[in-house]
Amino acid sequence: MSQPQTSYPDYWKKPPFIKRPWLRWGLIIGTVVYVIVALGTMDVNWVRVWEGLPRGRKLLASFFPPNFADSRGVIIDGILESIWMAIIATIGGIILSVPVGLGAARNLSPRWVYLFCRFIVSASRTFPEIIIAIFAVKFFGFGPFAGFVALSIGTVGFFAKLLAEDIEAMNKTQAESVRSTGSNWFQWVNYAIQPQVMPRMIGLSLYRLDINFRESAVVGIVGAGGIGAHLLTSISRYEYDTTASILLVIIVIVISLEYISGYLRKWVQ
Amino acid sequence: MLRLENVLKRYKTGDVALKNVSLEIPDGQVIALIGPSGAGKSTLIRCVNRLVEPTEGKIYLGDTELTTLPPRELRKARRRMGMIFQEYALVERLTVMENVLSGRLGYVGFWQSFFRKFPKKDVQEAYRLLDRVGLMHMADKRADELSGGQRQRVGICRALIQDPDLLLVDEPTASLDPKTSRQIMRLINELCDERGLAAIINIHDVLLAQMYSQRVVGLKEGEIVYDGPPDGLKPDVLTEIYGEEDWEATIEDVDEDEEEASSK
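Residues numbered from 1 in each chain as written. Chains lettered and ligands numbered in written order. Predicted model: local features only at pLDDT ≥ 70, side-chain atom pairs only at ≥ 80, totals over all residues.

## Description of the overall build of chain A
And step 1. Scanning chain A for helices and strands turns up ten helices and zero strands.
And step 2. If you list the helices and strands of chain A from N to C, you get α-α-α-α-α-α-α-α-α-α.
And step 3. Oriented by its inertia axes, the alpha-carbon framework of chain A measures out at about 85 × 60 × 35 Å.
And step 4. In chain A, buried positions account for 33% of the 269 residues. (Helix = DSSP H or I, 4+ residues; strand = E, 2+ residues; numbered from the N terminus. Buried ≥ 20, exposed ≤ 12 C-beta atoms within 10 Å, placed from the backbone.)

Written out as structure tokens, the structure is:
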């Protein structure tokens, strides 16, 4: 206990996040200068933007009224195929993710397994689904199977990474307590780790299903099945009223998935 | 009987948590391990069931030397050592029953445990233990719905259903109020008595250590500085363990306190 002083400062300031002043100011000024220079190099032709506005209005106008009637069968088939593709890819991807995710958790796996699984995760995260889909179409031909493969690989990169991170953040003593009973590794995972990560994983699965459905529309554009192909066809044929109806269906499905997953997530907590 | 011979633990950081600790605990003896935070109490009991790997030395449980056991044998040996944790360490999203039955994991196969199909006598024993600690009606509740004292009693059931020879108890009362602390300590003591179990109880509270143990071991900076009867904890001994402080109030006669608690 120190002796009370005679006077105390009445002024206090929060210590800065970056202590060295030259570094702090260097970063701030550098960022500002970079943003200004970057904006300067972006060459915008404002005349063309201005001329484009009425054209955009005309394009939007041709979306209305949406036309379901002309290609109803095609839209329904495409949507069903997209939904099917999204569901199967989500399930397949998650099944593949579980071992990879367990392996990519540092607190669970020996170092070489960890590095190997992290490599798988990074590799599948490197390429966006559409690029994987282009290759999948080359390998397996046109159709939803290629889409399924592309989305599954995308799911592994997403799900395994988040699973591994959730495992790394788990409560250590709960895990310790199950290990101390003499359980084997699989029992340990089943009793100590699974209950801790399960609610979040269910939430993420639904979120991924949502992503996969939207992605299925994108990968369809390169020929990997689903609604995307019809979307592209209708645009290139200038049948914008059909395009509008396809977009509406996609929006409705994404919104309902959002509500369902929100509800389910609350329920599993 | 548990015997530690020159156990040394050096963490990767270079910190030496235990310095050549030797200790012998006969069957059925309950010892309290006291000492300041960081003295190596937790490390010591974790070295026994190898949640922490000792760096040097030997540990015998009966005739089994524990420090060199291969994984399968280690799991078998762990069944004989029930552990009770600070902050209970129940798996919070599992039911009380699952938490208790997880004490049998070392005895059943993976699929049996995966489908929660434990042998009939395990389930019966789980109910019997829950009833013994007064939580029979809580079996299907999720562990995180229970209060602190209730959780610790579930933790005790989980350790006991292993049918252990030895209990390793790590700060069982650290997050409990004084009354619940006493109840938990008394329960652990009674159960050790009923089953002839030996126990090592890490505990901060000197008073509780004196009340509920047959022998006290004082640890300081990884070394044993006191090993003797509870009433041998005089002010000079406590100063040796914890450092200079006024100890008179801590070691007052405890009988009165105990009677008050047990009449509840």
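## A closer look at the overall build of chain B
And step 1. Within chain B one finds ten helices and ten strands.
And step 2. Its C-alpha atoms put chain B at 55 × 45 × 30 Å along the principal axes.
And step 3. Counting across all 264 residues of chain B, residues that qualify as buried make up 43%.
And step 4. Across chain B, every contact between residues at least 6 apart in sequence was considered, and the portion connecting residues at least 24 apart equals 69%. (Contact = placed C-beta atoms within 7 Å.)

## A few points about the sheet that holds strand β7 (residues 166-170) of chain B
All names here are of chain B.
And step 1. Here we have six strands laid out as an open sheet, ordered β6-β7-β8-β3-β9-β10, and mixed in their pairing. Of all the strands in the sheet, just β6 (81-84) and β10 (223-228) have a single pairing partner and so form its edges. When strand polarity is set aside, the average angle formed by the axes of neighbouring strands in this sheet is 20°.
And step 2. Helix α6 (residues 148-160) contacts β6 and β7 of the sheet and is inclined by roughly 170° relative to β6. (Pairing = 2+ DSSP bridges. Axes fitted to C-alpha atoms, helices over the stretch in contact; angles between N-to-C directions.)

## Here's the deal with the packing of helix α9 (residues 227-236) of chain A against helix α10 (residues 240-268) of chain A
Residues and elements named next belong to chain A.
And step 1. Put simply, α9 and α10 touch, their axes get as near as 8 Å, and they point 150° apart. Compared by their axis directions, α9 and α10 come out roughly antiparallel. Here the hand of the crossing between α9 and α10 comes out left-handed. Contact residues: Ile227, His230, Leu231, Ser234 and Ile235 in α9; Thr242, Thr243, Ile246 and Ile250 in α10.
And step 2. Its residues assigned to classes, the contact of α9 with α10 comprises five nonpolar, four polar and no charged. (Parallel < 35°, antiparallel > 145°, perpendicular 65-115°, else oblique. Left-handed = near helix turned anticlockwise from the far one by under 90°. Nonpolar A, V, L, I, M, F, W, Y, C, P; charged D, E, K, R; others polar.)

## Some details on unusual backbone geometry
All names here are of chain B.
And step 1. You will see that glutamate 87, though not glycine, has its phi angle at about 60°, which is positive.
And step 2. Residue glutamate 87 is classed as partly exposed on the basis of its 19 C-beta neighbours within 10 Å.
And step 3. The backbone of aspartate 163 sits at a positive phi, close to 55°, despite the residue not being glycine.
And step 4. Here aspartate 163 is to be found in the loop between α6 and β7.
And step 5. Aspartate 163 sits in the partly exposed class, given 14 other C-beta atoms within 10 Å.

## Here's the deal with the sheet that holds strand β2 (residues 16-25) of chain B
All names here are of chain B.
And step 1. As summarised here, the arrangement of the four strands in space is β2-β1-β4-β5, forming an open sheet in which the pairing is antiparallel. Single-partner strands in this sheet number two, and they are β2 and β5 (64-65).
And step 2. One ladder, built from five bridges, connects strand β1 (residues 2-10) with strand β4 (residues 56-61); its direction is antiparallel. In the strand pairing of β4, leucine 2 is matched with leucine 61.
And step 3. Those strands touched by helix α1 (residues 41-48) are β1, β2 and β4, and its axis lies near 60° from that of β2.

## Comments concerning the nonpolar core
And step 1. Ranked by size, the top nonpolar core spans 122 residues in total, and within it Ala150 of chain A together with Val100 and Ala199 of chain B carry the most contacts.
And step 2. Ranked by the residues each element gives to this core, the list is headed by helix α6 (residues 144-168) of chain A, at 13 residues.
And step 3. If near-sequence neighbours (up to four positions away) are discounted, alanine 199 of chain B is found in contact with Val30, Leu166, Leu167, Val169, Ile188 and Cys192 of chain B. (Core = buried A, V, L, I, M, F, W, Y, C linked by C-beta atoms within 7 Å.)

## Quick look at the interface of chain A and chain B
The extent of an interface is frequently quoted as the accessible surface area lost upon association of the parts.
And step 1. Contacts between chain A and chain B engage 18 residues on the former and 21 residues on the latter.
And step 2. Contributions of two or more residues to the side of chain A that touches chain B are made by α7 (172-179) and α8 (185-219) of chain A.
And step 3. The biggest single contributor to the side of chain A that touches chain B is α8 of chain A, with seven residues.
And step 4. For the side of chain A that touches chain B, the class distribution of residues is five nonpolar, eleven polar and two charged.

## Structural notes on the pairing of strand β9 (residues 215-220) of chain B
All names here are of chain B.
And step 1. One ladder, built from four bridges, connects strand β3 (residues 30-34) with β9; its direction is parallel. The partner of isoleucine 31 across the bridge, within β9, is arginine 215.
And step 2. As judged from the five bridges shared by β9 and β10, these two strands associate in the antiparallel manner. By the bridge assignment, glycine 218 is partnered in β10 with tyrosine 226.

## Here's the deal with the confidence of the model for chain B
In regions of low pLDDT, the predicted coordinates are not meant to be interpreted in detail.
Residues and elements named next belong to chain B.
And step 1. Scored by pLDDT, chain B has a mean of 87; 94% of the residues are at 70 or more.
And step 2. By mean pLDDT, helix α10 (residues 255-262) is the weakest element of chain B at 44, and helix α3 (residues 96-101) is the strongest at 94.
And step 3. Counting contacts from residues 254-264, a segment whose pLDDT is below 50, to residues more than four positions away or on other chains yields six contacts. (pLDDT = per-residue confidence, 0-100.)

## As for α7 of chain A
And step 1. Where α7 of chain A is concerned, the buried positions are Gln174, Ala175, Ser177, Val178 and Arg179 of chain A.
And step 2. If you follow the buried residues of α7 of chain A, they end up packed against α8 of chain A together with β6 of chain B.

## Some points on α6 of chain A
And step 1. Counted at 1.5 Å a residue, the expected span for α6 of chain A with its 25 residues is 36 Å, and the 35 Å between its end C-alpha atoms agrees.
And step 2. Of all 25 residues that make up α6 of chain A, 20 are buried, and the element is covered over most of its length. (Expected span 1.5 Å × (residues − 1).)

## What to know about the environment of threonine 68 of chain B
And step 1. Among the structural elements, threonine 68 of chain B can be located in the loop between β5 and α2 (71-79).
And step 2. Sequence separation of threonine 68 of chain B and proline 54 of chain B is 14 residues, and the distance between their C-alpha atoms is 10.0 Å.

## What about the packing of α6 of chain A against α8 of chain A?
All names here are of chain A.
And step 1. In contact at an axis separation of 9 Å, α6 and α8 are set at 150° when each is read in the N-to-C sense. By the angle class used here, α6 and α8 are roughly antiparallel. Crossing handedness for the pair α6 and α8: right-handed. Contacts from Gly147, Ala150, Leu151, Gly154, Thr155, Phe158, Phe159, Leu162, Leu163, Asp166 and Ile167 of α6 reach α8 at Ile193, Val197, Arg200, Met201, Leu204, Arg208, Asn212, Glu215, Ser216 and Val219.

## Thoughts on the environment of threonine 239 of chain B
And step 1. In this fold, threonine 239 of chain B is placed in helix α9 (residues 235-242).
And step 2. Dropping the residues within four chain positions of it, threonine 239 of chain B is found in contact with Glu244 and Trp247 of chain B.

## Quick word on the confidence of the model for chain A
And step 1. For chain A, the average pLDDT comes to 86, and 99% of its residues sit at 70 or higher.
And step 2. Mean pLDDT per element in chain A: α9 of chain A is the minimum at 82, and helix α1 (residues 21-41) of chain A is the maximum at 92.

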